[in-house]
Amino acid sequence: MMTGAEIIVKSLEQEGVEVVFGYPGGAVIPLYDKLYDSPLKHILVRHEQAAAHAADGYARATGKTGVVIATSGPGATNLVTGIATAAMDSIPMVVFTGQVALPAIGRDSFQEADITGITLPIVKHSYLVRDVNELASTIRSAFYLASTGRQGPVLIDLPKDIQMAEAEFSYPQEVSFRGYRVPGEPNSAMVYQTAKKIGLSRRPVIYAGGGVISSGAAEEIIGLAEKTNTPVVTTLMGKGAIADDHPLSLGMVGMHGTYYANYAVSHCDLLIAVGARFSDRVTGNLDTFAPHAEIIHIDIDAAEIGKNVGVQCALQGDVKLVLQELQRRIEGKPQSEKWLEQIACWKEEHPLTYEQDGDEIKPQYVVEQISELTGGNAIVTTEVGQNQMWAAQYYKAKKPRCFISSGGLGTMGYGLPAAVGAQLGCPDQLVIDISGDGSFQMNLQELATIVQYQLPVKIVILNNGYLGMVRQWQELFHEKRYSQTELIPVPDFIKLAAAYGIKGLRVQRTEDVPSVLEEAIKYPGPVIVDCVVAKEENVFPMVPAGGSLTNMLGG
Amino acid sequence: MSHILAILVENQSGVLTRVAGLFSRRGYNIDSLAVGQTHDPGVSRMTIVVDGDSRVIDQVVKQLDKLVDVIEVSDISGDEHLDRELVLIKVEAEPEVRGEIMQIVDIFRARIVDIGHHSLIIECTGDAGKIRAIENSLKPFGILELVRTGKIAMVRGQKYGEG
Ligand SMILES: Cc1ncc(C[n+]2csc(CCOP(=O)(O)OP(=O)(O)O)c2C)c(N)n1
Ligand SMILES: [Mg+2]
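Residues numbered from 1 in each chain as written. Chains lettered and ligands numbered in written order. Predicted model: local features only at pLDDT ≥ 70, side-chain atom pairs only at ≥ 80, totals over all residues. Heavy atoms only, no water.

1. Examining the overall build of chain B
Note the cut-off: What counts as a helix is a DSSP run of H or I of at least four residues, what counts as a strand is a run of E of at least two, and both are numbered from the N terminus. Each residue gets one of three labels from its accessible area relative to the maximum for its type: buried under 20%, exposed over 50%, partly exposed in between, using a 1.4 Å probe on protein chains only. Pairs of residues are marked as contacts when any of their non-hydrogen atoms sit within 4.5 Å.
Counting secondary structure elements, chain B contains 4 helices and 9 strands. In sequence order, the secondary structure elements of chain B are arranged as β-α-β-β-α-β-β-α-β-β-α-β-β. Buried residues in chain B amount to 44% of all 163 residues. A sequence separation of at least 24 residues applies to 73% of the contacts in chain B between residues at least 6 apart.

Pasting the structure below:
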């Protein structure tokens, strides 16, 4: 016989879990007692939100399922933003929360929160365990659900008495669900039809989203692009699906996408959407989105097909399998020479650019230098705001899973804990959090976690003294009425670093940027680089919200 | 247009919340919802009537189908089906009008299931049209209370869930 707490630890071992991110409290003391003797690596974060983001960053960097533990009540509610972030971006995660003992549920007991209720709209599925005999199979099911199909977070609420009750332990290998099926092979007639459409197209574009990354289909995307000479635009989540410097890559599409990506989508005759969900940040005005195109939508989630945009051809399945099958079926290459010439013209005439004037450091330049120094081979996490968009625009990612950013929810404070998770998942890789002065302050308590586990994460703060992205909107659309967007004071990040025992470097002149970044990258431990950048720089191009992709400011 | 969705779900706590929550979260309106256990005690069946064009309904069905506890969903409005609803109506009924009310009850093949000093409770089963009609007929007497079960529906012939 084993206690529930032991069963949880043994089940995690059975799942091959190497690291869990958590924070203890009354309702999980029995579980933590068993973790004490376990070989499982537990990372003690300094705020539960960070546990969820770190597990999420770990999952994005490694492709494995992230695991989180928190106590009941406030511990559990602190996870909400982290779970929602993972849900919006379809990240596999299993979350364990403590709960008051079964007889105490429903009585507003101390630290009781209905976390399965609270998280209902932001989980793929959730369980409240009521019988210790079902604990192991519940854990097996949770890992299965989180990591298959369209991935996502699954929550298991663990009443304290369940953790202490005893049962026989046997870990099920099989799972069975009456109401859950993982889509596999696509319909071959549809694949054939799609292959034909691609061959007949004159102006094709591939639009690659986060699904390409999660299904491990980067190779297949590049294969399809090269075989058919089709240019590729990526979403924020799809960044890395094709190297940003690949000749067929057009960079990011959407609100802050490149001129040529947005023009390509707006003029193509065939749009092949792969693992993407036609988010409003990508499409702008739906009525003018890809107006000349037939749309092929390849996605694992049937509910995405036709959700925002009507499509002519839908292939439901794991995008990796669909793309493999599609490539086998492709015979004719589209005659797209003229189209590629046109795109080359757009690229030439409207490159991504910024003005390098005066002595102020341009934030874009900082990102460009990071890109150059790392060769696009580092894992970059981002915060949210201008820093995120500049990172997306100017960091030339070489491979999948090395650009980690909160896309759907846009969660400030994500990047630092995500970097913690990514670094733990990939100890031999260089991990850099491209941060903003505002976002950094939302989870800076994690500096302690970084120090405790000696994680050599580099934090590059693009310090503009503003909630820059909001300020940009106020400048452009509200007559520069900077309502509550100036951050006074911004703390002295170097002193702050020192308080945690972290190396701090400040850079104030453009010419020092490369050497300071290099020093940071070479340094074996964690570093904060405080880049004092131009305060009122804007992210361009920009499609105003709800506008047409061809109507770009600063294109 | 109104659509009738037949949904088989795991008979587990929380399922109703998951289903209802999905409707409100995604902005779909439930016109009527009825739920109860099937002949398999592990499975409940919901009948949900929802208004929307075919694109909305397509989304509703697909989103419902994604819920792990939802075993099967189908829009049966287009199929040859029966639908029924049960209504209880408490109507004001002083002795001098009881005869008239009983005639109405007969016409609708409804039943009087309780007699009070000043009121009657009438039980009536039928499709939406019949329910509306009896309600209208009884209105002039003064309806004191009315409760309906929500629509339940079944496709004729072939067995749903095994087709
Ligand atoms: C948790 C959270 N709160 C508020 C916002 C709204 N928001 C989006 S960008 C932004 C400004 C971010 O400021 P900073 O981190 O300094 O980045 P910058 O835009 O200046 O690069 C804000 C407040 C958000 N995305 N997330
Ligand atoms: Mg800022």
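2. Some details on the packing of helix 3 (residues 48-62) of chain A against helix 18 (residues 415-425) of chain A
Residues and elements named next belong to chain A. To keep it simple, the criterion reads: Between the N-to-C directions of two axes lies an angle of 0 to 180 degrees, each axis being a line fitted to C-alpha atoms and, for a helix, fitted only over the stretch in contact. Angular relationships are summarised with four words: roughly parallel below 35 degrees, roughly antiparallel beyond 145, roughly perpendicular across 65 to 115, and oblique for the angles in between. It is the rotation of the near helix from the far one that decides the hand of a crossing: anticlockwise by less than a right angle makes it left-handed, clockwise makes it right-handed. Under the scheme applied, nonpolar residues are Ala, Val, Leu, Ile, Met, Phe, Trp, Tyr, Cys and Pro; charged residues are Asp, Glu, Lys and Arg; polar residues are all the others, including Gly.
Where helix 3 meets helix 18, the axes come as close as 6 Å, and the angle between the chain directions of the two elements is 45°. The pairing of helix 3 with helix 18 is recorded here as oblique in orientation. As helix 3 packs across helix 18, the resulting crossing turns out to be right-handed. Contact with helix 3, carried on its side by A50, H53, A54, G57, Y58, A61 and T62, involves P417, A418, V420, G421, A422, L424 and G425 of helix 18 and no other residues of that element. Grouping the amino acids of the contact of helix 3 with helix 18 by side-chain chemistry returns 9 nonpolar, 5 polar and no charged.

3. Considering a nonpolar patch on the surface
Residue and element names in this part refer to chain A. What counts is decided by this rule: Any residue with relative accessible area above 30% and no salt bridge may belong to a patch, with like charges joined within 9 Å and the nonpolar Val, Leu, Ile, Met, Phe, Trp and Tyr side chains within 5 Å. Each accessible area is a Shrake-Rupley estimate made with a 1.4 Å probe; only the visible protein chains count as cover when residues are assessed. Any carboxyl oxygen of Asp or Glu that lies within 4 Å of a side-chain nitrogen of Lys or Arg is treated as forming a salt bridge with it.
A contiguous nonpolar patch, built from L476, F477 and L553 and spanning about 200 Å² of accessible area, is present on the exposed surface. Along the chain, L476 turns up in helix 21 (residues 468-477). With relative accessibility at 30%, the residue L476 sits in the partly exposed group.

4. Examining the site of ligand 1
Residues and elements named next belong to chain A. Keep this limit in mind: A cutoff of 4 Å decides nearness: a residue is near a molecule or strand if any of its heavy atoms lies inside that distance of it. Pairs of N or O atoms are called polar contacts if they sit within 3.5 Å, as long as, within protein, a hydrogen donor faces a hydrogen acceptor (for residues adjacent in sequence, only side-chain-to-side-chain pairs).
Not every one of the 17 residues close to ligand 1 is listed here, only the nearest: Q386, D437, G438, S439 and G468. A distance of 2.6 Å is found between an oxygen atom of ligand 1 and a side-chain nitrogen or oxygen belonging to S439. At 2.7 Å, a backbone N or O of G468 approaches an oxygen atom of ligand 1. Protein burial of ligand 1: of its 590 Å² of free accessible surface, 77% is covered by the chains. Broken down by secondary-structure element, the contributors of at least two residues to the shell around ligand 1 are helix 17 (386-394), helix 19 (437-440) and helix 21.

5. Section: the sheet that holds strand 16 (residues 403-404) of chain A
Residue and element names in this part refer to chain A. For clarity, the cut-off: Only when DSSP finds a minimum of two bridges between them are two strands counted as paired.
Ordered in space as 16-15-17-18-20-19, the 6 strands form an open sheet in which the pairing is parallel. Edge positions in the sheet fall to strand 16 and strand 19 (503-507), since each of these pairs with one other strand and no more. As judged from the 4 bridges shared by strand 15 (residues 379-382) and strand 17 (residues 431-436), these two strands associate in the parallel manner. Bridge pairing links V380 to I432 in strand 17. Sheet strands in contact with helix 17 are strand 15, strand 16, strand 17 and strand 18 (458-463), and its direction is about 135° off that of strand 17. Of the strands in this sheet, strand 15, strand 16, strand 17 and strand 18 touch helix 18, which is tilted by about 175° from strand 17.

6. What about helix 12 (residues 259-267) of chain A?
Residue and element names in this part refer to chain A. With 8 of its 9 residues buried, helix 12 lies for the most part within the structure. Those residues of helix 12 that sit buried are Y259, Y260, A261, N262, Y263, A264, V265 and S266. On its buried face, helix 12 is in contact with strand 9 (204-208), strand 10 (232-234), strand 11 (249-252), strand 12 (270-274) and helix 15 (337-349).

7. Quick notes on the interface of chain A and chain B
The line we're drawing: Take the accessible area each of two parts loses on contact, using a 1.4 Å probe, and add the two losses: that sum is the buried area.
In this complex, chain A contributes 22 residues to the contact, which on the side of chain B involves 20 residues. It is A:L120, A:H125 and A:R178 in chain A that bury the most area against chain B; as a group they hold 35% of the surface buried on that side. Run the count over chain A and chain B and you get 4 salt bridges. The residue B:D65 makes a salt bridge to A:R181 at a minimum N-O spacing of 3.8 Å. Applying the counting rule to chain A against chain B returns 10 residue pairs in polar contact (both at pLDDT 80 or more). Broken down by class, the residue content of the side of chain A that touches chain B amounts to 9 nonpolar, 6 polar and 7 charged.

8. Digging into the coordination of the magnesium ion (ligand 2)
All names here are of chain A. Note the threshold: The donor set comprises N, O and S atoms within 2.8 Å of the metal, extended to 3.2 Å for Na, K and Ca; water molecules are omitted, so apparent gaps in a site may simply reflect that omission.
Within the protein, the atoms that donate to the magnesium ion (ligand 2) are D437 (OD), N464 (OD1) and Y466 (O), at distances of 2.0 to 2.1 Å. Here the donor residues of the magnesium ion (ligand 2) share one chain and are spaced in sequence as D-x26-N-x1-Y. Here the residue D437 occupies a position in helix 19, and Y466 occupies one in the loop between strand 18 and helix 21, the gap between them amounting to 29 residues. You can call D437 buried: its relative accessible area is 1%. What makes Y466 buried here is its relative accessible area of 7%.

9. Overview of the domain arrangement of chain B
All names here are of chain B. Formally: Residue ranges assigned to the domains are those given by an automatic or database domain assignment.
Domain parsing of chain B yields domain 1 (2-79) and domain 2 (82-153). Taken over C-alpha atoms, the centre of domain 1 sits 29 Å from the centre of domain 2. Contacts between the two partners involve 8 residues from domain 1, matched on the other side by 6 residues from domain 2. In total, domain 1 and domain 2 occlude about 480 Å² of area from one another, counting both sides; carbon and sulfur atoms represent 58% of this. Considering only the side of domain 1, the residues that lose the most area to domain 2 are I4, A34 and T47, jointly responsible for 56% of the buried surface there. At the junction of domain 1 with domain 2, the criterion picks out 2 residue pairs in polar contact (both at pLDDT 80 or more). Contributing elements (two or more residues each) for the side of domain 1 that touches domain 2: strand 2 (30-37) and strand 3 (43-51).

10. Considerations on the side chain of A:Q423
Residues and elements named next belong to chain A. With respect to the helices and strands, the residue Q423 is situated in helix 18. Separated by 3.3 Å, the side chain of Q423 and the backbone oxygen of C426 make a polar contact. Sequence-distant contacts of Q423, that is, excluding residues within four places in its chain, are made with Q429, V431, L455, P456 and V457.

11. A closer look at the pairing of strand 19 of chain A
Residues and elements named next belong to chain A. What counts, and what does not: Seen with the strands pointing away from the viewer, any crossover whose path from the first strand over the helix to the second strand runs clockwise is right-handed.
The pairing of strand 19 with strand 20 (residues 527-532) spans 5 bridges and is parallel. Paired with G504 across the strands is I528, a residue of strand 20. In this fold, the crossover linking strand 19 to strand 20 by way of helix 23 (residues 513-522) has right-handed handedness.

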